[in-house]
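# Structural features, examined
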Amino acid sequence: MFFGELPVSGALGAVLAHTTRAGDAWLTKGKVLEQADIDRLTAAGITQIMAARLDEDDVPDDAAAMELAKAIVGRNIALGRAGGGRVNLSAERDGLFTLHRDVIEAINGVDEGITLATLAGDTRVPAGRMLATIRIIPLAMPRERLDMALGIARGSHGISLDAFEPKKAFLLQTTLTDTNQALLDKTFTVTDDRLALRNAAMIAEMRIEHDVTALAAALSTAAADDAVYSPDWILVSCAAAISDRCDVLPSAIEKAGGTVLRYGIPMDPGNVLLIGELRGKPVLGLPGCAHSPADNGFDRVLDRIAAGLEPDDAWLASLAPGGLLPEIPDRPQPRRHPGRLENPRIGMLLLAAGHGLRFGPDNKLLAEVDTLPVIAHAAARIAASGAERLLTVTARESDRVEAAIAQGIEQAGVDIELRYANNPTSDRGIASSLVIGVSRLCANDAIIVCLGDMPAVKASTMQQLRDCFRANPGAAMIIPCHHGQCGNPVLISRSLFDSALDLDGDAEVRQLITSSPESTIRLEVEDEGILLDCNTLADLEQLEAYLAEV
């Protein structure tokens, strides 16, 4: 492949290396130049461009990315469309994402221009969540190199998704004379919520004395072949922690005719978890931390079982690296003290899927303000704020919206990774776009939610939101305010992600914003742009006047 500067007059059929403005039109990176493009560039007075000419054995970046995606993908994974040398892979169903690390590493070792990045293995994901992205960095990849990567990928099922099939669980809770009934109720609710995340349902609960004989009888009842409920799993929460293989629960499992397969796992919180088997049904002895909804070792084992995979000794041993989980607030012996969070992961989300009915028949995001589309201004300011990557949720005229965003980034002169997600249910309102965005960015500690029709927000405001969260990592939400009036963008932290993923309708978005008043920070900023959106033609005129002044 040739890559370098070409005279415009001789660039017909070449691949454009950088997004370039030609008069009123923008020619995007990767475009194969046609005669009309040459004419536009010439008319704009451009005589030289950076471009590539592919050799006979070169595979264009989009085609190469798609070939590799088809070769590596396993069950229950959907392929996105190719664009910019990238193909994103997402979950078709709720389930557990698994991978073969050696395959992923070998593919990435073929050529520096072939990159495959994934979520961590054994990650529970909702349907629609992005699992991996393949990026061919140069404009083309030599066929020989691509074939080497394909040879590693084919038949490997290097990345897969094991779906959560419907399951039923029976919860047994043991009690002592001083057992707090409210704690039992909380454990039932928290466990029921955990099951629901994995397409499982709590079909029965029994509370019995913390005694080997009583618990063994309850286990036999739950596991009986003719049991009324026929559960798939039996979960046991004991009034006292399991201290030995001869303690109450292990002894009760054996007395009922079952087997204790494992006592203890290399994960904290959640070390004291028991895995047993009774009449072909898994029996899980819950660790004390399972009373809390916070992530712990029980979640990882439950994910595995819900996906139909065995939590064998080799897999349990693999939990050790990374098994020291983030602190939970009520831990008796804290591993660390809360304080300033120096390097939080803060995702940037741009919502650009609204229908804009009040604006009229035209797409308000593509309306021009000061020579650039509205959405281009919004994207440029996000890039200028220091963000490294940006996810945009689109719907209407997505190709034109994406081109406008690229135009804005080019104008800003900042390098930022752009990702897109299409919202096929955008008619349901902003809530549906927020769910898609949060599902793809939920690996972050927080997300700044920007609106595509707000092009006047200062980059410094987004920087202030990040700085405020670093200093206040316990905040659930940070809302910028100007002279006491709240605006956008809003920062939401991980503590609200689950609520955001359950949103159904714009009314629930408003409820989410007001759901945590005690942990919401209202941050005063010198930025009137946080109040200025573009819902009508009159708003557009106001924005034009404002941007002309600042």
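The structure presented is a predicted model; accordingly, all values stated were derived computationally and were not measured.

### Some words on unusual backbone geometry
- The amide bond that connects Asp 268 to the next residue, Pro 269, takes the cis arrangement and shows omega of 5°.
- In this model, Glu 397 sits at a positive phi of 50°, which is unusual for a non-glycine residue.
- Along the polypeptide, Glu 397 turns up in the loop between β24 (389-394) and α11 (398-412).
- Exposure remark for Glu 397: the relative accessible area of 31% places this residue in the partly exposed category.

### Things to note about the nonpolar core
- Counting 60 residues, the largest nonpolar core has Leu 349, Leu 350 and Ile 492 as the members making the most contacts within it.
- Sequence-distant contacts of Leu 350, defined by excluding residues within four places in its chain, comprise Ile 375, Ala 378, Ala 379, Ile 382, Leu 390, Leu 391, Thr 392, Val 393, Ile 405, Cys 450, Leu 451 and Gly 452.
- Core analysis: the second largest hydrophobic core is formed by 33 residues, Met 66, Ala 132, Leu 146 and Ile 159 among them.

### Concerning the environment of Leu 197
- By the element assignment, Leu 197 lies in helix α5 (residues 181-197).
- As for Leu 197 and Asp 111, which are separated by 86 residues in sequence, their C-alpha atoms are 39 Å apart.

### Quick word on the sheet that holds strand β2 (residues 15-16)
- The sheet built from three strands is open, its strands ordered β1-β5-β2 with antiparallel pairing. Each having just a single partner strand, β1 (2-7) and β2 make up the two edges of the open sheet.
- Here six bridges tie β1 to strand β5 (residues 48-53), and the two strands are oriented antiparallel to one another. When the bridges of β5 are listed, Leu 6 appears paired with Ile 49.

### Here's the deal with the side chain of Thr 133
- In this fold, Thr 133 is placed in strand β12 (residues 130-136).
- Within the structure, Thr 133 has its side chain in polar contact with the side chain of Arg 86 (distance 2.9 Å).
- Setting aside chain neighbours within four positions, we find Thr 133 in contact with Arg 86, Val 87, Asn 88, Thr 115, Leu 116, Ala 117 and Arg 419.

### Remarks on a negative patch on the surface
- Side chains of Asp 55, Glu 56, Asp 57 and Glu 144 sit close together on the surface and give a patch of like negative charge.
- Note on placement: Asp 57 falls in the loop between β5 and β6 (58-60).
- Looking at Asp 57, the relative accessible area reads 44%, which means it is partly exposed.

### A closer look at the sheet that holds strand β17 (residues 233-237)
- As summarised here, the arrangement of the six strands in space is β16-β15-β17-β20-β19-β18, forming an open sheet in which the pairing is mixed. For this open sheet the edge positions go to β16 (200-209) and β18 (259-263), each flanked by a neighbour on one side alone. Averaged over neighbouring strand pairs, the angle between their axes works out to 20° when direction is ignored.
- Sheet topology places β18 next to strand β19 (residues 274-278); four bridges connect them, and they run antiparallel. Along β19, the bridge assignment pairs Arg 262 with Ile 275.

### What about the state of the cysteines?
- Overall, the coordinates contain zero disulfides when judged by the stated rule.
- Counting only cysteine sulfurs, Cys 481 is the nearest neighbor of Cys 486, a cysteine outside any disulfide, at a range of 3.1 Å.
- According to the relative accessible area criterion, Cys 486 is partly exposed, its value standing at 36%.

### Details of the packing of helix α3 (residues 101-108) against helix α4 (residues 143-153)
- Contact pair α3 / α4: the axes reach a minimum separation of 9 Å and the direction vectors enclose 175°. When the interaxial angle is binned, α3 and α4 end up roughly antiparallel. Here Val 103, Ala 106 and Ile 107 of α3 lie close against α4, whose contacting residues are Ala 149, Ile 152 and Ala 153.
- Its residues assigned to classes, the contact of α3 with α4 shows six nonpolar, no polar and no charged.

### What about the pattern of salt bridges?
- Taken as a whole, this structure holds 29 salt bridges when the rule is applied.
- One salt bridge in this structure joins Arg 304 and Asp 122, with 3.4 Å as the shortest N-O distance. One end of the pair, Arg 304, is in helix α8 (residues 297-306); the other, Asp 122, is in the loop between β10 (114-118) and β11 (123-125), with 182 residues separating them in the sequence.
- Overall, the relative accessible area of 13% leaves Arg 304 in the buried class.
- Owing to a relative accessible area of 26%, Asp 122 belongs among the partly exposed residues under this scheme.
- Via salt bridges that share partners, Arg 86, Glu 388, Arg 389, Glu 417 and Arg 419 belong to a single interconnected network.

### Focus on the domain arrangement of the protein
- What the domain assignment reports for the protein is domain 1 (2-53), domain 2 (58-163), domain 3 (167-319) and domain 4 (346-549).
- Its C-alpha centre places domain 3 at a distance of 43 Å from the equivalent point of domain 4.

### A closer look at the confidence of the model for the protein
- Scored by pLDDT, the protein has a mean of 89; 96% of the residues are at 70 or more.
- A low-confidence stretch, residues 327-339 (pLDDT under 50), is modelled with 13 contacts involving residues beyond four sequence positions or located in other chains.

### Side note on a nonpolar patch on the surface
- A cluster of nonpolar residues, Met 1, Phe 3, Met 50 and Leu 54, forms a patch on the protein surface that exposes about 320 Å² of accessible area.
- Its place among the elements puts Met 1 in the segment before β1.
- Using a relative accessible area of 35% as the deciding quantity, one classes Met 1 as partly exposed.

Analysis parameters
- Residues numbered from 1 in each chain as written.
- Predicted model: local features only at pLDDT ≥ 70, side-chain atom pairs only at ≥ 80, totals over all residues.
- Heavy atoms only, no water.
- Helix = DSSP H or I, 4+ residues; strand = E, 2+ residues; numbered from the N terminus.
- Buried < 20%, exposed > 50% of the residue type's maximum accessible area, 1.4 Å probe, protein only.
- Core = buried A, V, L, I, M, F, W, Y, C linked by side-chain atoms within 4.5 Å.
- Contact = heavy atoms within 4.5 Å.
- Pairing = 2+ DSSP bridges.
- Polar contact = N/O pair within 3.5 Å; in protein donor to acceptor, adjacent residues only side chain to side chain.
- Patch = residues over 30% accessible without salt bridge, like charges linked within 9 Å, V, L, I, M, F, W, Y side chains within 5 Å.
- Areas by Shrake-Rupley, 256 points an atom, 1.4 Å probe, with all protein chains shown as cover.
- Salt bridge = Lys/Arg side-chain N within 4 Å of Asp/Glu carboxyl O.
- Lys, Arg positive; Asp, Glu negative; His and termini not counted.
- Charge placed at Lys NZ, Arg CZ, Asp CG, Glu CD.
- Axes fitted to C-alpha atoms, helices over the stretch in contact; angles between N-to-C directions.
- Disulfide = S-S within 2.5 Å.
- Parallel < 35°, antiparallel > 145°, perpendicular 65-115°, else oblique.
- Nonpolar A, V, L, I, M, F, W, Y, C, P; charged D, E, K, R; others polar.
- Domains from an automatic or database assignment.
- pLDDT = per-residue confidence, 0-100.

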